[in-house]
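Architecture at a glance
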Amino acid sequence: MTDSRETFSAQAFVAGYPIKHSRSPLIHGYWLKAYGIAGAYETVEIKPENFPAFMAQLRNGESGYRGGNVTIPHKEAAAHLADHVDEIAREIGAANTLWREDGRILATNTDSYGFAANLDQQQPGWDRASTAVVLGAGGASRAIIQAVRDRGIKDIRIVNRTVERAQELADRFGETVSAHGMAALQEVLEGCDLFINTTSLGMKGEPFPAIAWDRFPSHAVVTDIVYVPLRTEMLRQAEQAGLATVDGLGMLLHQAVPGFEKWFGRRPVITPDLRQLIEADL
Ligand code: ATR
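Quick caveat: nothing in here was measured; it's all calculated off a predicted structure. (Residues numbered from 1 in each chain as written. Predicted model: local features only at pLDDT ≥ 70, side-chain atom pairs only at ≥ 80, totals over all residues. Heavy atoms only, no water.)

Notes on the domain arrangement of the protein chain
The domain architecture assigned to the protein chain consists of domain 1 (4-109) and domain 2 (113-251). The straight-line distance from the C-alpha centre of domain 1 to that of domain 2 is 29 Å. Each partner contributes to the interface: domain 1 provides four residues, whereas domain 2 provides eight residues. For the pairing of domain 1 and domain 2, the buried interface totals around 500 Å² over both sides, and the portion due to carbon and sulfur atoms is 47%. By the criterion of area lost to domain 2, the three top residues of domain 1 are Arg-23, Glu-91 and Ile-92, representing 79% of everything that side buries. Among the salt bridges present, the one from Glu-91 reaches Arg-149, with a minimum N-O distance of 3.8 Å. Taken together, domain 1 and domain 2 are joined by three residue pairs in polar contact (both at pLDDT 80 or more). (Domains from an automatic or database assignment. Contact = heavy atoms within 4.5 Å. Buried area = accessible area lost by both parts, 1.4 Å probe. Salt bridge = Lys/Arg side-chain N within 4 Å of Asp/Glu carboxyl O. Polar contact = N/O pair within 3.5 Å; in protein donor to acceptor, adjacent residues only side chain to side chain.)

Concerning helix α13 (residues 272-281)
Residues Leu-274, Arg-275 and Ile-278 constitute the buried set of α13. Along the axis of α13, the buried positions cluster into a sector of 100°, meaning they face one direction only. With respect to the buried face of α13, the exposed residues turned more than 90 degrees away are Pro-272, Gln-276 and Ala-280. (Buried < 20%, exposed > 50% of the residue type's maximum accessible area, 1.4 Å probe, protein only. Helix = DSSP H or I, 4+ residues; strand = E, 2+ residues; numbered from the N terminus. Arc of directions from axis to C-beta.)

Observations concerning the site of the ligand
For the ligand, the full set of nearby residues is Gly-136, Ala-137, Gly-138, Gly-139, Ala-140, Asn-160, Arg-161, Thr-162, Arg-165, Thr-199, Ser-200 and Leu-201. Within the side chain of Asn-160, one N or O atom sits 2.7 Å away from an oxygen atom of the ligand. Here an oxygen atom of the ligand sits 2.9 Å away from a polar atom, N or O, in the side chain of Arg-161. Summarising the interface, the protein chains cover 68% of the accessible area of the ligand, which totals 640 Å² for the free molecule. Its atoms largely coinciding with the cavity grid, the ligand occupies the largest pocket. Across the shell around the ligand, the residue classes tally to three nonpolar, seven polar and two charged. (Near = heavy atom within 4 Å. Areas by Shrake-Rupley, 256 points an atom, 1.4 Å probe, with all protein chains shown as cover. 1 Å grid on protein atoms, 1.4 Å probe; cavity = no way out; pocket = protein on both sides within 12 Å on 5 of 7 lines; lining within 4 Å. Sits in = over half its atoms within 2 Å of the grid points. Nonpolar A, V, L, I, M, F, W, Y, C, P; charged D, E, K, R; others polar.)

Section: the sheet that holds strand β3 (residues 67-70)
Spatially, six strands are ordered β2-β1-β3-β5-β6-β4 in an open sheet, and the strand pairing comes out mixed. The outermost strands of the open sheet, each flanked by one partner alone, are β2 (40-45) and β4 (84-85). Looking at chain direction, strand β1 (residues 11-16) and β2 are connected through six bridges and run parallel. If you follow Gln-11 over to β2, its bridge partner there is Ala-40. Most of the contacts of helix α3 (residues 51-59) go to strand β5 (residues 97-101), to which it runs at about 40°, and overall it touches β1, β2, β3, β5 and β6 (104-108). Strand contacts of helix α12 (residues 257-264): β1, β2, β3 and β5, with the helix running at about 20° to β5, the strand carrying the most contacts. (Pairing = 2+ DSSP bridges. Axes fitted to C-alpha atoms, helices over the stretch in contact; angles between N-to-C directions.)

Focus: the packing of aromatic side chains
A complete count under the given rule lists 13 aromatic pairs for this structure. On the numbers, 5.8 Å between centres and 90° between planes, the contact of Phe-195 with Trp-213 is edge-to-face. With Phe-195 in strand β10 (residues 194-197) and Trp-213 in the loop between β10 and β11 (221-224), this residue pair connects regions lying 18 residues apart in the sequence. Just as Phe-195 is buried, Trp-213 falls in that class too. Ring geometry for Phe-195 against Phe-216: centres 6.2 Å apart, planes inclined by 80°, an arrangement best described as edge-to-face. Placement of the pair is Phe-195 in strand β10 and Phe-216 in the loop between β10 and β11, with a sequence separation of 21 residues. Residue class for Phe-195 comes out buried when judged on its relative accessible area of 0%. Judged by relative accessible area, Phe-216 falls into the buried class, the value being 7%. An aromatic cluster is built from Trp-31, Tyr-35, Tyr-41, Phe-260, Trp-263 and Phe-264, whose rings are joined through pairwise contacts. (Phe/Tyr/Trp six-rings, centres within 6.5 Å; stacked < 30°, edge-to-face > 60°.)

Focus: empty space enclosed by the protein
One way to see where empty space is left: roll a probe the size of a water molecule over the atoms. Following the criterion strictly, the structure yields one cavity of 30 Å³ or more and no others. Its volume calculated, the largest cavity comes out at about 40 Å³. If you go around the largest cavity, the residues you meet are Phe-115, Asn-118, Thr-223, Asp-224, Ile-225, Asp-247, Gly-248 and Met-251. Secondary-structure elements contributing two or more residues to the lining of the largest cavity are α6 (111-122) and β11. Residues belonging to the lining of the largest cavity are distributed by class as follows: three nonpolar, three polar and two charged. (Points joined across faces, edges and corners; volume = space filled by probe spheres on them.)

See below:
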């Protein structure tokens, strides 16, 4: 039986530097209230040089936290300093979710899960795609390619401004994944039925590369990890061309689910109310 004192006094954190813009406290705060759990989820700003000491206090129980999220710039250090890193976080090379168990820190990365779970909810059957084009080759791209590959999509094409970075990423995955420069974008789109933007393009009003949406098959799904603004220029164009589109907010919400369950003992549900709450804060 679970110790009720522990269940009801659980505390979790999100650690980053800087940390001002994290929406995680709103998400976890909403669930804590919705389920009547008297826990807490707090924001902690930690400079990189202090992060190892923070991890030591988490491990020995001094900080009182059950676990938490880590964000920029601590994701790689968290994977390095944790006592056990699961396969997905090891492959991504970064952790975003930590929890304490028997005096050890366990780590995972829930970005791949969040990406796939969101599409499962919003576009079931998305993983029947045969050809995925992934724009970008950074940390988010790596997690998403992992998710797409794990669902059995056999032709994944990375397109990136810096082609060497795309190649480096493609090499980690073997034959399934190929690398291309921006100049090849139009030809790479041939046959694409899943298009994913993992770059910040579209966030600050930068022009989005021209895409011939009318050449996509009508069942294609187009998704963006950007969620500010919610309807990016890219999604608007794809929608106008009659394609199915999925915005980036769902991934943010879904990636929070496994952490909440670990720390507070209840698998939370993503309701329209929660979405509205976060949308109002964007
Ligand atoms: P994250 O961890 O969020 O994925 P990142 O590792 O900094 O962030 O990766 C950002 C991605 O967006 C990269 O693919 C980057 O391209 P480069 O590898 O060439 O830097 C891409 N990106 C960012 N700004 C861009 C821009 N103005 N035009 C094209 N690509 C851009």
